[in-house]
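Reading the structure
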Amino acid sequence: MIYKRSSALFAEAEKVIPGGVNSPVRAFNGVGGTPIFVREAKGAYLYDEDGNRLIDYINSWGPMILGHAHESVVNAVIEKAKKGTSFGMPTEIETQIAELAVSMVPNIDKIRFVNSGTEACMSAVRLARGFTGKDKIIKFAGCYHGHSDSFLIQAGSGASTFGTPNSPGVTKGTAKDTLLANYNDIENVRALIEANANEIACVIIEPVAGNMGCIPPAKGFLEALRAVCTANNILLIFDEVMTGFRLAKGGAQELYDINADIVCFGKVIGGGLPVGAFAARNEIMNYLAPIGPVYQAGTLSGNPLAMAAGLAMLTELNNKPEIFTSLAEKTAYLHEGIAKVLTENNITHTINRVGSMISIHFDEAEVVDFNSAAKGNNDTFKAFFHGLLNEGVYIAPSAFETWFITDALSYEDLDFTIAAINTVAKTL
Ligand SMILES: *Cc1c(COP(=O)(O)O)cnc(C)c1O
C-alpha cells in the first residue's frame, strides 16, 4: 500500500504539533515509519488519506464498540449541535444519561461526568483520599489510569513504549505517595498494605488489564483484593475506562461479580466524544463539591454534544445486551483462527482474551503481569504490524495494546484478518 499523502501530512504536522500527534500512542515510535492519517471511517473500516481501506482493530482505542459513525450516535450529535454546543448550565440530558448509567452498572448511586478517563481517575483518587483522610495509593505496574501525575509510575502502553515509566515533571513528593504492586500478585499487595499501615486511601486497578496487552485477573485475585481492601479501610477503585460498557452492561463489576467502591469510566461511555465519569454509592459521592468538601469541576463537563453521543451509545447497548455475547463470540472466533495460523507457521505466541478484548504476545510464556508482558519479541511485533498494515488490517502501533472488537466487524472481516495474519506469519 502507498502512504504518500499520510507521510506528507505527517511532515506538515510535525512542524506545529510536538511529534506530529496530539497523543503519543498515535505516533509510530514503537514500530517505525510514519502514522496513517484518517480521512473518514464507517462501521469496521478506516479510510485513510491515500484512499486505502483498513479493517480497524483500535476503534479509537475502545470507544467505537458499535463501529464508526454509527447512525444513532451521529444523528444524536447533529440534532443536539443545532441547539447550542455548550452552556455551562444544567441540562436535562445529563440526568438522562446518569440515570441510564446508574441503572446499567451494579453498585453505584451517583455518577459525575468529566471530559476524559484521565480526569475520571484523577478525581476518583482525590475523592478516595478526601473520604478516607489518607494519602497513599496503590497502583499496579503496567496499568494505565491516564496521564495525571500520581499515575505516571510504570504506566503501561504509551509510557512503556517510550521507555519513560517515570516521566520528568512528576515530583518526588507525588511519586512517593504512589505505591507500585505487581498485577495478579495479592501477596505483594498485602505486604505493601502492612508496610504502610493506615496510610493507604485506595487501590486502583484495571479489573482486566488492557494497557499492557490484555491480561485477565487470575482466578480469585479480584476477590482477594476486595477482601484485603475492606479489612483495611481502603477504597477499591475499578478503573473501567476500557472495560466499562464493553465486557458487560455493568462492566467488570458485573462480569466478575465484585463490588468496587469507586468506578471510573471513559471511552465507550462517550460514544466517541470526550467523556469520562466516576461513580460510587451515595456515601462516597456526597463527599464531592458542591455538597461535600472534595473539589472537582469542569467548564465543559456534561457537555450537551458529549452527553448526546454517550446517551445514544448506552441506549443501544442497554436495548441490545446480546451485543456483549456476540462480541465475545466474534473475539473467540478470531482467537481460534489466529492461534491456528500462528501455530501452523511455527510462530511463538501467547494470546490473551476477555470478552471483546484480545492481544497477541510474541512469547510462549503465560502473560500475567507487566514483566511477562514486557518479554514479548518486539522485532516480531514490528514486522507483524507492518505486514498487517500492508494487508489492510490496522492494529495498534505498539506491542502493549489490546485489540478491540466492534459489533460492526463481520465474520467475513474476521476471516479476511485471519488470512492476512497467515500471509504475514509466513514472512516472520
Ligand atoms: C484510556 C484509559 C484511561 C485514560 O483515558 P483518557 O480518556 O485517554 O484520558 C484511563 N484508564 C484506562 C484503563 C484507560 O484504558
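Examining the site of the ligand
Looking at the ligand, the residues that line it are Ser116, Gly117, Thr118, Tyr144, His145, Gly146, Glu206, Asn211, Asp239, Val241, Met242 and Lys267. In the environment of the ligand, an oxygen atom lies 2.5 Å from a nitrogen or oxygen atom belonging to the side chain of Thr118. A distance of 2.6 Å separates an oxygen atom of the ligand from a polar atom in the side chain of Lys267. A total of 380 Å² of accessible area belongs to the ligand in isolation, and the protein chains cover 84% of it.

So, the packing of aromatic side chains
Using the criterion set out here, one finds 12 aromatic pairs in the structure. With 5.1 Å between their ring centres and 70° between their planes, Phe362 and Phe384 make a pair best called edge-to-face. Taken together, the positions of Phe362 in the loop between strand S12 (357–361) and helix H13 (370–374) and Phe384 in helix H14 (residues 378–391) put the pair 22 residues apart, joining distant regions of the chain. Exposure remark for Phe362: the relative accessible area of 6% places this residue in the buried category. Note on Phe385 and Tyr394: the rings are 6.1 Å apart at their centroids and 65° apart in plane angle, and the pair reads as edge-to-face. Exposure remark for Tyr394: the relative accessible area of 10% places this residue in the buried category. One aromatic cluster is present, built from ring pairs that chain together Phe28, Phe381, Phe385 and Tyr394. The residue whose ring lies beneath Arg53 is Tyr45, and the NZ or CZ to ring-centre distance is 3.9 Å.

Description of the packing of helix H3 (residues 92–104) against helix H11 (residues 304–319)
At a minimum axis distance of 10 Å, the contact between H3 and H11 shows a crossing angle of 30°. Crossing of H3 against H11: the hand is left-handed. Touching Ile93, Glu94, Gln96, Ile97, Leu100, Ala101 and Met104 of H3 are Met307, Ala308, Gly310, Leu311, Leu314, Thr315, Leu317 and Asn318, all from H11. Residues that form the contact of H3 with H11 fall into these classes: 10 nonpolar, 4 polar and 1 charged.

Side note on the domain arrangement of the chain
Taken domain by domain, the chain consists of domain 1 (4–69 + 321–425) and domain 2 (71–319). Relative placement of domain 1 and domain 2: their C-alpha centres are 25 Å apart. Contacts between the two partners involve 34 residues from domain 1 and, on the opposite side, 39 residues from domain 2. Buried surface at the junction of domain 1 and domain 2, both sides included, amounts to about 2,900 Å², of which 69% is carbon and sulfur.

As for unusual backbone geometry
A cis amide bond, omega 10°, links Ala289 with the succeeding residue Pro290. Mapped onto the secondary structure, Pro290 falls in the loop between helix H10 (282–285) and H11. Look at Trp61: it is not a glycine, yet its phi comes out positive at around 70°. For Trp61, the position within the fold is in the loop between strand S3 (53–56) and helix H2 (71–81).

With respect to the side chain of Lys136
If you trace the backbone, Lys136 turns up in strand S5 (residues 136–140). A distance of 2.9 Å separates polar atoms of two side chains, one belonging to Lys136 and the other to Asn196. Excluding its chain neighbours within four sequence positions, the residues that come into contact with Lys136 are Lys176, Asp177, Leu179, Asn196, Glu199, Ile200, Ala201 and Cys202.

Some remarks on the sheet that holds strand S1 (residues 38–42)
Pairing is mixed in the open sheet, where 4 strands are placed in the order S1-S2-S3-S13. Since the sheet does not close on itself, it has two edges, and those belong to S1 and strand S13 (393–394), each with one partner.

Here is what the cut-offs are and how they apply
Counting starts from 1 at the beginning of each chain's written sequence and moves along it residue by residue. Local features in this predicted model are restricted to residues whose pLDDT is 70 or higher, and side-chain atom pairs enter the listing and the counts only when it is 80 or higher, whereas totals over whole chains, interfaces and linings include all residues. By convention in this description, side-chain values take in all heavy atoms of the structure and omit both hydrogens and water. Here a residue is considered near a molecule or strand provided that any single heavy atom belonging to it is located within 4 Å of it. Polar contacts, as counted here, are pairs of nitrogen or oxygen atoms within 3.5 Å of one another; within protein the pair requires one atom able to donate a hydrogen and one able to accept it, and residues that are adjacent in sequence qualify only if both atoms are side-chain atoms. Surface exposure here means Shrake-Rupley accessible area, sampled with a 1.4 Å probe, where a residue is shielded only by the protein chains that are shown. Aromatic contacts are taken between Phe, Tyr and Trp rings whose centres are within 6.5 Å, Trp giving its six-membered ring; a plane angle under 30 degrees counts as stacked, one over 60 as edge-to-face, and the others as tilted. Helix and strand assignments follow DSSP, with helices taken as H or I runs no shorter than four residues and strands as E runs no shorter than two, numbered in order from the N terminus. Between buried and exposed lies partly exposed: a residue is buried under 20% and exposed over 50% of the maximum accessible area for its type, with that area taken using a 1.4 Å probe on protein chains only. Only lysine NZ and arginine CZ atoms are considered, and such an atom sits over a ring when it is within 6 Å of the ring centre and within 35 degrees of the ring normal. Axis definition: a line fitted to C-alpha atoms, over the contacting stretch in the case of helices. Angles run 0 to 180 degrees between N-to-C directions. By definition, turning the near helix anticlockwise from the far helix through less than a right angle yields a left-handed crossing, and turning it clockwise yields a right-handed one. For this analysis, residues touch if any pair of their heavy atoms sits within 4.5 Å. Under the convention adopted here, Pro, Cys and the residues Ala, Val, Leu, Ile, Met, Phe, Trp and Tyr are nonpolar, Asp, Glu, Lys and Arg are charged, and Gly plus all remaining residues are polar. Where each domain starts and ends comes from a domain assignment, either automatic or drawn from a database. Buried surface area refers to the total accessible area, computed with a probe of radius 1.4 Å, that the two partners give up upon joining, counted for both partners together. In this scheme, strands are said to pair when DSSP sees at least two bridges between them.

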